[in-house]
Amino acid sequence: MERRDLVIIGGGSAGLSAAVAAYDKGVKDILILERIAFLGGILNQCIHNGFGLHEFNEELTGPEFLTRFVKQVEERHIDYKLNAFVTDISKDKVVTYSSAEDGVTQIQAKAIIMAAGCYERNAGAIGIPGDRPSGVVTAGQAQLFLNDYGYMVGKRVFILGSGDIGLIMARRMTLEGAKVLGVAELMPYSNGLNRNIQQCLKDFDIPLYLSHTVTKTIGRSRLEAIEISEVDSSFRPIKGTEKRFEVDTLLLSVGLIPNNGLLDNLGIPQSRSRGSVVNQKMETEIEGIFSCGNVLHVHDLVDYVVAEGRVAGEAAAEYIEGKLKKSDSLILTEAGEGVGYVVPGRIELTDEDEKITFKFRVRKPMKNVYIVFSLNGIPFKKIYKQAIIPSEMEIVNIPRNLLVSNQGKIVVSTEPKEVK
Amino acid sequence: MATTLTCIICPNGCQLTVDDDLNVTGNKCLRGVEYGKQEVTDPRRTVTSTVKIASKQLRVCPVKTNVAIPKNMIFKVMEIVNQTSIVPPVYIGEVIVKDIAGTGADLVSTREVLD
């Protein structure tokens, strides 16, 4: 069986960044396994700009951003295999992949970094009532077809869900000559970034229907129309509020889910983010198996994915070289009141940790709140937020010296600021 | 009369207010001031799209305007983008259409296609 020091599953932003970081820490025997025919992952189809403000201090398109990382990988002569689909990982770190070139192949790795990204919730997952014609497509799929393959999935379009991909596709299809009739969002607030509401919808006079959902798809072989309805506070459609739109395409932008089946199969505990529980070094409870990027929790900025990949890559290199500090500390983290999930799920403090980086999302938009961190029931850090929304991931660095114990539980929660 | 708008410079998406004397408030950084003034006097956008490419690997190559163009020129620029086809090799930043639609901006490739 082929042996490798480090096998990285996924050649997108997280995987490439992890590979470069591990290499620069001294591990040269690395193999990246990528499922499609190009490195760069989802950025290949994200041809819009707005990437790289943190990482490069300039505004790049997705392909420009990914090319910088591909060059870094190539400069270092890091090995990668394209069109290689990983089908299994074992606890003793045997990676099985399948490719037309190699058939089914197994590799024994010293360490594994999971960086397989996320997938889109699809029509089956949300169960829209009505017919089942063609023309109901996830927004990311439509983006792939248009930006990488060069064809449009439709001409008259409605979009369900106000996530960023849906908003970006509203603009993109409008630019290419489609008529986008509107975007419906179940929640009373948008799930996309404010800038995308402005530059993708308002710029093109595309209406956003908040507290609305699609209640019917109509069409025999191809979609002919949809019906949307307003929903009440428990998200039930309100009778009599139906509106009909004649469209040939319904794009779905209704959520992303970590593509974490391979690690779930190993019985590694799952976080509420639906990725694996990891510690502050991005290591799962199985020593030498790490996870980073959208497979761990869905990010909104690729710059943060890259930073997380770097942490995982450096830690994997330390593990391979026997330098990853063991710890008898164990603090579990928990998403408390108002918080959706917290990464890392476990903290194993060593004397090398100067700070712990917490990433989390709130469950709904809030104003005038404190983010409260408590350890074993005692609050040790409070951060005031004028406004906080679920579509923006929060990142908080906690200095090590604030943690008075290295055992127990940290709860991250929100608390309304009392108004005098 | 003051105008309120959403800054699109970065993911923060600040809510800006620009008054008649072009004073900008609500911005978290200086780029917001610049954007606010620009947006009420001469709104501009960077256009990103694709052009046809005669390549073995790809049917389309991503492109962008190298600077922001007047907002009301977006569809004029798109007309030219849709009539343009190229052959490899093409490099990132390579000019594909100079001074596209008379906007002063060049249409440049954002992907390297070597074939």
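Residues numbered from 1 in each chain as written. Chains lettered and ligands numbered in written order. Predicted model: local features only at pLDDT ≥ 70, side-chain atom pairs only at ≥ 80, totals over all residues. Heavy atoms only, no water.

Caption draft 1: Here's a closer look at the domain arrangement of chain B. Split by domain assignment, chain B resolves into domain 1 (3-41) and domain 2 (48-109). One C-alpha centre belongs to domain 1 of chain B, the other to domain 2 of chain B; they are set 29 Å apart. (Domains from an automatic or database assignment.)

Caption draft 2: Spotlight on the sheet that holds strand 1 (residues 3-6) of chain B. Residue and element names in this part refer to chain B. In space, the three strands of this open sheet follow the order 1-2-3, with antiparallel pairing throughout. Of all strands in the sheet, those bounded by a partner on one side alone are strand 1 and strand 3 (24-25). With four bridges joining them, strand 1 and strand 2 (residues 15-18) adopt antiparallel strand pairing. Note on strand 2: the bridge partner recorded for Thr4 is Thr17. Here helix 1 (residues 30-41) sits on the sheet in contact with strand 1, strand 2 and strand 3, set at roughly 120° to strand 1. (Pairing = 2+ DSSP bridges. Helix = DSSP H or I, 4+ residues; strand = E, 2+ residues; numbered from the N terminus. Contact = heavy atoms within 4.5 Å. Axes fitted to C-alpha atoms, helices over the stretch in contact; angles between N-to-C directions.)

Caption draft 3: A look at the side chain of Ser291 of chain A. Residues and elements named next belong to chain A. With respect to the helices and strands, the residue Ser291 is situated in strand 19 (residues 289-291). The exposure class assigned to Ser291 is buried, which follows from its relative accessible area of 0%. Look past the residues within four positions of Ser291 in its chain and what remains in contact with it is Met114, Leu263, Val278, Met282 and Leu296. (Buried < 20%, exposed > 50% of the residue type's maximum accessible area, 1.4 Å probe, protein only.)

Caption draft 4: The arrangement of unusual backbone geometry in detail. In the segment running from Val343 of chain A into Pro344 of chain A, the intervening peptide bond is cis, with an omega of 0°. The topology assignment puts Pro344 of chain A in the loop between strand 21 (339-343) and strand 22 (346-347). Positive phi values are uncommon outside glycine, yet Leu22 of chain B reaches one of about 65°. The class of Leu22 of chain B is partly exposed, set by a relative accessible area of 29%. For Asp115 of chain B, which is not a glycine, the phi torsion comes out positive at approximately 55°.

Caption draft 5: Up close: helix 4 (residues 139-149) of chain A. Within helix 4 of chain A, nine of the eleven residues are buried, which leaves it mostly tucked inside the rest of the structure. Those residues of helix 4 of chain A lying buried are Ala139, Gly140, Ala142, Gln143, Leu144, Phe145, Leu146, Asn147 and Asp148 of chain A. Where helix 4 of chain A is buried, its residues touch strand 9 (118-120), strand 10 (136-138), helix 5 (164-175) and strand 17 (249-252) of chain A together with strand 5 (48-53) and strand 6 (60-65) of chain B. Where helix 4 of chain A ends, the next residue or the one after it, Gly150 of chain A, has phi of about 80°, a positive value.

Caption draft 6: Layout of the domain arrangement of chain A. All names here are of chain A. Considered domain by domain, chain A is made up of domain 1 (1-120 + 255-324), domain 2 (122-254) and domain 3 (327-420). Inter-centroid distance (C-alpha atoms) of domain 1 to domain 2 is 31 Å. Counting from both sides, the interface comprises ten residues of domain 1 and, opposite them, 17 residues of domain 2. Both faces combined, the contact of domain 1 with domain 2 buries some 1,100 Å², and carbon together with sulfur accounts for 45% of it. Interface area lost by domain 1 to domain 2 is led by Gln45, His48 and Glu120, which between them contribute 54%. In this structure, the connection of domain 1 to domain 2 is made through one salt bridge. We note a salt bridge from Arg195 to Glu59, for which the minimum N-O separation is 3.3 Å. Taken together, the residues that form the side of domain 1 that touches domain 2 break down as three nonpolar, five polar and two charged. (Buried area = accessible area lost by both parts, 1.4 Å probe. Salt bridge = Lys/Arg side-chain N within 4 Å of Asp/Glu carboxyl O. Nonpolar A, V, L, I, M, F, W, Y, C, P; charged D, E, K, R; others polar.)

Caption draft 7: Highlighting the sheet that holds strand 10 of chain A. All names here are of chain A. Spatially, five strands are ordered 10-17-11-12-13 in an open sheet, and the strand pairing comes out parallel. In this open sheet, the two strands that pair with only one neighbour each are strand 10 and strand 13 (208-210). Shown here is a sheet whose adjacent strand axes are inclined to one another by a mean of 20°, direction ignored. One ladder, built from three bridges, connects strand 10 with strand 17; its direction is parallel. Pairing of Thr138 across the sheet is with Leu252, part of strand 17. This element, helix 4, spans strand 10 and strand 17 of the sheet and lies at about 85° to strand 10.

Caption draft 8: Examining the confidence of the model for chain B more closely. Across chain B, the average pLDDT comes to 93, with 100% of residues at or above 70. Reported confidence for the predicted complex is 0.92 by ipTM and 0.94 by pTM. (pLDDT = per-residue confidence, 0-100.)

Caption draft 9: Looking closely at the interface of chain B and chain A. Every contact between the two is made by 31 residues of chain B and, on the other side, 31 residues of chain A. Between chain B and chain A the total buried area reaches about 2,600 Å² when both faces are included, carbon and sulfur atoms providing 53% of it. Area buried by chain B at its contact with chain A is led by Pro11, Thr48 and Arg111 of chain B, which between them contribute 22% of it. Inspection of the region where chain B meets chain A yields four salt bridges. Notably, a salt bridge pairs Lys71 of chain A with Glu112 of chain B, separated by 2.9 Å at the nearest N-O pair. For the pair chain B and chain A, the interface holds eleven residue pairs in polar contact (both at pLDDT 80 or more). Per-element accounting of the side of chain B that touches chain A gives the leading share, four residues, to helix 2 (residues 74-83) of chain B. (Polar contact = N/O pair within 3.5 Å; in protein donor to acceptor, adjacent residues only side chain to side chain.)

Caption draft 10: Up close: the packing of helix 4 of chain A against helix 5 of chain A. All names here are of chain A. Relative to each other, helix 4 and helix 5 sit at 35°, their axes nearing to 9 Å. In this structure, the crossing between helix 4 and helix 5 has a hand that is left-handed. Along its contact with helix 4, which presents Ala139, Gly140, Ala142, Gln143, Leu146 and Asn147, the element helix 5 presents Ile165, Gly166, Ile168, Met169, Arg172 and Met173. Across the contact of helix 4 with helix 5, the residue classes break down as seven nonpolar, four polar and one charged. (Left-handed = near helix turned anticlockwise from the far one by under 90°.)

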